[in-house]
Amino acid sequence: MNYTQWIIFILAVQVIHFAGTWKLYLKAGRKAWEAAIPVYNAIVLMQIIRRPRWWVFLLFIPIINLLMFPVVWVETIRSFGKNSLKDTWLVLLTLGFYIYYVNYAEDVNYIEDRSLHPKSASGEWVSSIVFAVVAATLVHTYFIQPFVIPTGSLERTLRIGDLLFVSKFHYGARVPMTTVAAPMVHDTLPGLGVRSYLKKPQLPYMRLPGFQKVKRNDLVVFSWPADTVRQFFKAEEGVDKPIDKKSNYVKRCVGVPGDSLEVKDGIVYSNGKPLELPDRAKPMYDYTVYSQQGVSSKTFENVGADDFLRTYVSAPLNQQQLNILSQYLYRYDGLENGQVALVTPARGIPIEAIRQARVTNIREVSSRERTATLTAEMVSSLKAVSSIDSVIKLVETEGIRGDNIFPQDPRYPWNYDQLGPIYIPARGDKVAISPETLPLYKKIIRDYEHNTVGISGNQVLINGEPSTSYTFQQDYYWMMGDNRDHSEDSRAWGYVPANHIVGKPIFIWMSFDNFNEGMANWRPRWDRIFTTVGGEGKPRSYFRYFLLALAAYFVLDFLYRRKKKASKKG
């Protein structure tokens, strides 16, 4: 819906409200016309049902109003003596239209002094739950949203198993475009696997004022522009999602509107200069490590690396043994001598699993050449190990087109390590458009700014008209993961539009090792709990201070209650 359509829709809602309530307004001692004036009718209704005027504000907040409307429906009929459970269910199941029946067919009286307190313990409980959900949804939608890091695209800046708070007010909260959706869930209802929202009606893009703009090097949460996935890791036909129901990603913004960006040998260049990352950024690359003595897994572990493969060699395994070990394996290969090679991630095969499978002839091999994903600090530490001969960064060759690389056109033979130069569009910028440059901007023009695009001979057609230039309608950003060789980011799917920005990670409130291996294997990372995401220097945990403050609160609360109890006895 555009703004005009929304105004028409709101006016239609006002007509529906007036037609269904004007007699009730009269019975409450008000004027019939008061039920017809937008916003004012809501203020009057709050007076009729004896609820605070600030509830009106909640009725106009997308998503929150979905929770408030049923509350107001119930409060309205109860203000006219319809207090039974049957009445409550009728007004809820008819989406409020039961009020029409009360308005025209029932001879009801307005109860001016009705009690606002629930008449039973269950009623009190339901009332508390409703307003707790309203408050939580308001915070979740417009202020702070919890977020979990499920993949390693930002290792080791943000780690798998980091549980974050993401601020929506730094950049200004994006008003939900999807107006009918379940509160506090994203695109799927937990446990049911079905869509949690209705695609229509949709609000136009709007954003509340923020106090920051997205800056170069910011870590940013955004709606994944290329998302057509109904359920991850399940092969099926793609779905068309509203912007605010696309999957949330978190990456580093390496290009802001107006920047010229290039990647050379894996290094990002912004406006011709190497991008200077903040000191808390820990970019990682793939390296080949050589040693005539063999590179042991212990050597990697000693420098803190945990993204490499291990190889075990054993005698042939039967099916039962393989079933026990399979959950730990990355690959299973037969060797010419009849033995088998078991390739695993860095965690290896636990000794308990080997004993359970009754595998007696198994050993880990340390080859002379191994690959690992390393930070600069890890590389320095490895080079200081006397047994290591060399540590060489793996870099894709310039001019050889990589797989799944933007802009998915053979005229641009780019790869993850060699890309660009490319311009990051800003709102109002005009760029020259030709059949050669169109692949860079086609997705913006067609998918994000909703124009038709085609080519006729040597001419580009936009909305059916020959065009040699295009003016952008919004800002765009370039997002990349700090784990440079293991991140699906803008290098794969291009620009991130401004209307896809969600928020800014600000705080890690919990962090677990082995996060994707089941709760039984979770191990707290105590040094990361209650740490800030931004800032300079080594992150500092405030967890102990939180525990001290919590203990102080309980002590003071205990003393206050004891004093209050003693004063009553006196």
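Residues numbered from 1 in each chain as written. Predicted model: local features only at pLDDT ≥ 70, side-chain atom pairs only at ≥ 80, totals over all residues. Heavy atoms only, no water.

S.K.: Which residues make up the packing of aromatic side chains, and what are the values?
M.R.: Counting across every chain of the model gives 32 aromatic pairs. Pairing Phe97 with Tyr100 gives two aromatic rings, centres 5.6 Å apart and planes at 40 degrees, and the pair type is tilted. Looking at Phe97, the relative accessible area reads 46%, which means it is partly exposed. Judged by relative accessible area, Tyr100 falls into the partly exposed class, the value being 24%. (Phe/Tyr/Trp six-rings, centres within 6.5 Å; stacked < 30°, edge-to-face > 60°. Buried < 20%, exposed > 50% of the residue type's maximum accessible area, 1.4 Å probe, protein only.)

S.K.: With reference to specific residues and values, describe the nonpolar core.
M.R.: Counting 44 residues, the largest nonpolar core has Ile422, Tyr441, Trp478, Tyr495 and Ile501 as its most contacted members. For this core, the secondary-structure elements that each account for two or more residues are strand S3 (219–223), strand S4 (248–255), strand S5 (260–264), strand S15 (419–423), helix H12 (438–448), strand S18 (459–462), strand S21 (476–480) and helix H13 (490–493). With six residues, the single largest contributor to this core is H12. Leave out the neighbours within four places in its chain, and Tyr441 touches Tyr423, Pro425, Val431, Ile433, Phe472 and Tyr495. The next biggest cluster of nonpolar side chains, apart from the first, holds 35 residues, and it includes Val44, Leu45, Ile77 and Ile99. (Core = buried A, V, L, I, M, F, W, Y, C linked by side-chain atoms within 4.5 Å. Helix = DSSP H or I, 4+ residues; strand = E, 2+ residues; numbered from the N terminus. Contact = heavy atoms within 4.5 Å.)

S.K.: So, the environment of Gly518: which residues are in play, and what are the values?
M.R.: Its location among the elements puts Gly518 in the loop between strand S23 (501–513) and strand S24 (523–524). Sequence separation between Gly518 and Ala498 is 20 residues, and the spatial gap between their C-alpha atoms is 36 Å.

S.K.: I'd love a proper account of the pairing of S18, names of residues and values included.
M.R.: Note on strand geometry: in a regular strand, side chains alternate between the two faces of the sheet. Residues Val460 and Ile462 line the buried face of S18, whereas the alternating positions Gln459 and Leu461 sit on a face that is not buried. In sequence, strand S17 (residues 453–456) turns back onto S18 through a hairpin of two residues, with Gly457 there showing a positive phi of about 65 degrees. Where S18 meets strand S19 (residues 465–467), three bridges bridge the pair, whose relative direction is antiparallel. Counted as the bridge partner of Val460 is Ser467 from S19. Linking S18 to S19, which pair antiparallel, is a turn of two residues; within it Asn463 sits at a positive phi near 55 degrees. (Pairing = 2+ DSSP bridges.)

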